[in-house]
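Chain by chain, the residues:
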Amino acid sequence: MKEQLANIKSEALAAFGAVDTPAALDELRVKYLGKKGELTAVLKQMGKLSAEERPAMGQLANEVRAALEEAIETSARKLEAAALEAKLKAEALDVTVPGRAPKQGHKHPMYRALDEIKDIFVGMGFTVLDGPEVELAELNFDRLNAEEGHPSRDWSDTFYFDEDSRVMLRSQTSPMQVRAMDTMPLPIRIIAPGRVYRKDEVDATHSPMFHQVEGMVIDKNVTMADLKGTLNLLAEELFGKGTITRFRPHHFPFTEPSCEMDVQCHKCGGAGCPTCKGEGWIELLGAGMIHPNVLRMASIDPEEWSGWAFGMGLERTAMRRFKIADLRLIFENDVRFLEQF
Ligand code: PHE
């Protein structure tokens, strides 16, 4: 029996040492120490021993069992450590592998034109304002000297939210003139870009939603010469040195006198071509000296202060700036078009 125990011990220890998976280790544990295991079988024979032999043999058997249990424990820990090692290796992150470059987009051509416009005016000390697209008719019309019955207030031109025509989608950025007068200390130099809405059918030059940039200066001794000088500078900065402009008389309720500014066609130099529809000139913006009524309604004394304002179409400017023929291209966002800029 002594021999039997010694054999089991050496055999089992060798087996435990060589085992390479937790499942195999468990199988071995059952094989030696399980209810029907080899060591258990030997212990069951203890009863046959004489009373003198039994204690020594019992002690030996216990020692063998303890040795086996310890060997199992050691093997289990070794396997666990090996498994962890393998897992760490498998999940290792190689930080030196070159990354996948994200596909980078770029600014929409209209916003590039807007960025240029902002830069030009910020450089001259203007503040850039943002305003609501849902506007009160009071600011879009009343405070801009557009009396009840003015054609631009018509339901066929303007998107109203209510029966009484008091709340609307702004039809121009000009209400930002009033918001600036109501909130900012004088003198004021602002531009205010944003979306405006009119009931126009979509075609190559019209859209029910488009963008304007409003500009306004209120100071002492401001004249039409300041307006023309500033807008000529704008045209040269946007379209290149030597760009020729033309100021035509016009009418707006909130400016007096009023004008429109055209830029000479870059394609034909004023002779007339398809780009300028034979006109030789491309209309860019409306402008004028702020009407004294508008100043008065904002509690600004027109005897002391004067100012000018302009409103330019942003799509139209971007079209001229990047030689785009059709307004719809600006809104369709076809990447084949956008990637050209
Ligand atoms: N708001 C005018 C328009 O939409 C443009 C404008 C702005 C004219 C400021 C004069 C002064 O046509």
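The model shown is predicted, which means the values in this text are computed figures rather than measured ones.

A.B. asks: Talk me through the pattern of salt bridges; I want residue IDs and the actual numbers.
C.D. replies: Inspection of every chain in the model, using the stated rule, returns 21 salt bridges. Notably, a salt bridge pairs Glu 236 with Lys 241, separated by 3.9 Å at the nearest N-O pair. Among the residues examined, Glu 236 registers a relative accessible area of 26% and is labelled partly exposed. Among the charged side chains, a network of salt bridges with common partners joins Asp 142, Glu 148, Arg 153 and Arg 166.

A.B. asks: Please set out helix H10 (residues 314-322) residue by residue, giving values where relevant.
C.D. replies: Since one α-helical turn is 3.6 residues long, residues separated by three or four positions face the same way. Across the 9 residues that make up H10, a large majority, 7, are buried. Residues of H10 that are buried include every one of Leu 314, Glu 315, Thr 317, Ala 318, Met 319, Arg 320 and Phe 322, and no others. With its phi angle positive at about 55°, Lys 323 sits one or two positions after the end of H10.

A.B. asks: How would you explain the environment of Gly 229 if you had to name every residue and give the values?
C.D. replies: In this fold, Gly 229 is placed in helix H8 (residues 224-239). Along the chain, Gly 229 and Ala 204 lie 25 residues apart, while their C-alpha atoms are 31 Å from each other.

A.B. asks: A description of the environment of Arg 166 should follow, citing residues and the corresponding values.
C.D. replies: Following the sequence through the fold, Arg 166 ends up in the loop between helix H6 (137-140) and strand E3 (167-169). Relative accessible area serves as the criterion here: at 31%, Arg 166 is assigned to the partly exposed category. Sequence separation between Arg 166 and Asn 140 is 26 residues; the distance between their C-alpha atoms is 9.7 Å. For Arg 166, the residues in contact, after removing those within four places along its chain, are Glu 135, Leu 136, Ala 137, Glu 138, Asp 142, Glu 148, Arg 153 and Tyr 160.

Cut-offs used in this document
- Residues numbered from 1 in each chain as written.
- Predicted model: local features only at pLDDT ≥ 70, side-chain atom pairs only at ≥ 80, totals over all residues.
- Heavy atoms only, no water.
- Salt bridge = Lys/Arg side-chain N within 4 Å of Asp/Glu carboxyl O.
- Buried < 20%, exposed > 50% of the residue type's maximum accessible area, 1.4 Å probe, protein only.
- Helix = DSSP H or I, 4+ residues; strand = E, 2+ residues; numbered from the N terminus.
- Contact = heavy atoms within 4.5 Å.

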